[in-house]
Amino acid sequence: MKVIAAVDENWAIGKKNELLVSIPADMKFFRTTTTGHVVVMGRKTLESFPNQKPLPNRVNIVMTRDADYQVKGAVVVHSEEELKEALAPYDTDEVFVIGGESIYGQLIDQCDVAYITKIDYAYDADAHFPNLDEKPEWQVADESEEQTYFDLTYTFMRYEKK
């Protein structure tokens with residue numbers, strides 16, 4: 001599996017169930033990278049999307065502890081075991097974990113590639129991604145030139161598990 005996220009300099013990813021910032025090039029990268037693939041997310045991440053609808057042109061899998069939770073256009077699972085069953089028909093290289101904090105925490109060890117947009121700014125945040133720079137099993141495999149969006153600078157990074 002792969003994981004994809006935009007993080008600030010403290011590995012923060014959101015506040016009050018919203019992204020910290022919306023950078024058009026990052027949104028485009030996310031869209032082009034995940035379209036046609038399987039995306040795995042938590043319920044709160046799905047509910048942060050426009051109209052709380054699954055992402056188009058992707059197989060959407062939502063993990064939640066709520067046994068009664070249902071959403072049209074998505075597969076709902078309630079445990080890692082159910083997730084494993086739901087993912088069985090797919091090549092793991094086609095699966096992207098897209099958030100939020102608790103789903104990243106649960107599944108990061110099962111991922112071998114991480115696409116991280118690193119934003120050179122520290123936001124006030126209440127949700128974080130695991131800091132891959134502090135995990136010895138992860139290494140930077142590729143890094144873009146520094147990009148800018150108004151006064152923000154950011155870099156597209158690809159990490160791989162050793």
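In the block above lies the structure referred to throughout.
Residues numbered from 1 in each chain as written. Predicted model: local features only at pLDDT ≥ 70, side-chain atom pairs only at ≥ 80, totals over all residues. Heavy atoms only, no water.

*Asks:* Run through helix α1 (residues 24-34), naming residues and quoting values.
*Replies:* For an α-helix the count is 3.6 residues per turn, leaving residues at separations of three or four pointing the same way. Three or more residues of α1 are buried, namely Asp 26, Thr 33 and Thr 34. An end-on view of α1 places all buried positions within 85° of arc, on one side of the element. Turned more than 90 degrees away from the buried face of α1 sit Lys 28 and Thr 32, all of them exposed. Packing partners of the buried residues in α1 comprise β1 (2-7), β4 (38-42), β7 (95-99), β8 (113-119) and β12 (152-161). Where α1 ends, the next residue or the one after it, Gly 36, has phi of about 85°, a positive value. (Buried < 20%, exposed > 50% of the residue type's maximum accessible area, 1.4 Å probe, protein only. Helix = DSSP H or I, 4+ residues; strand = E, 2+ residues; numbered from the N terminus. Arc of directions from axis to C-beta. Contact = heavy atoms within 4.5 Å.)

*Asks:* Please provide a residue-by-residue account of the environment of Ala 114, values included.
*Replies:* By the element assignment, Ala 114 lies in strand β8. Accessibility expressed as a relative area gives 0% for Ala 114, which makes it buried. Put simply, Ala 114 and Ala 125 are 11 residues apart on the chain and 21 Å apart in space, counted from C-alpha to C-alpha. In this structure, Ala 114 is in contact with Val 3, Leu 132, Trp 138, Met 157, Arg 158 and Tyr 159, ignoring residues within four places of it in sequence.

*Asks:* I'd like to hear about unusual backbone geometry, residue by residue, with values.
*Replies:* Backbone torsion omega between Gly 99 and Gly 100 reads 0°, so that peptide bond is classified as cis. Counting through the fold element by element, Gly 100 comes out in the loop between β7 and α4 (101-107). Even without being a glycine, Trp 11 presents a positive backbone phi close to 65°. Note that Trp 11 resides in the loop between β1 and β2 (12-15). Using a relative accessible area of 4% as the deciding quantity, one classes Trp 11 as buried. A positive phi angle is found at Phe 150, which is not glycine, with a value near 55°. Tracing the sequence through the fold places Phe 150 in the loop between β11 (147-149) and β12.

*Asks:* I'd like to hear about the environment of Thr 45, residue by residue, with values.
*Replies:* Turning to its location among the elements, Thr 45 is positioned in helix α2 (residues 43-47). C-alpha of Thr 45 to C-alpha of Arg 158: the two residues are 113 residues apart in sequence and 22 Å apart in space. Excluding its chain neighbours within four sequence positions, the residues that come into contact with Thr 45 are Asn 17, Ile 98, Gly 99 and Gly 100.

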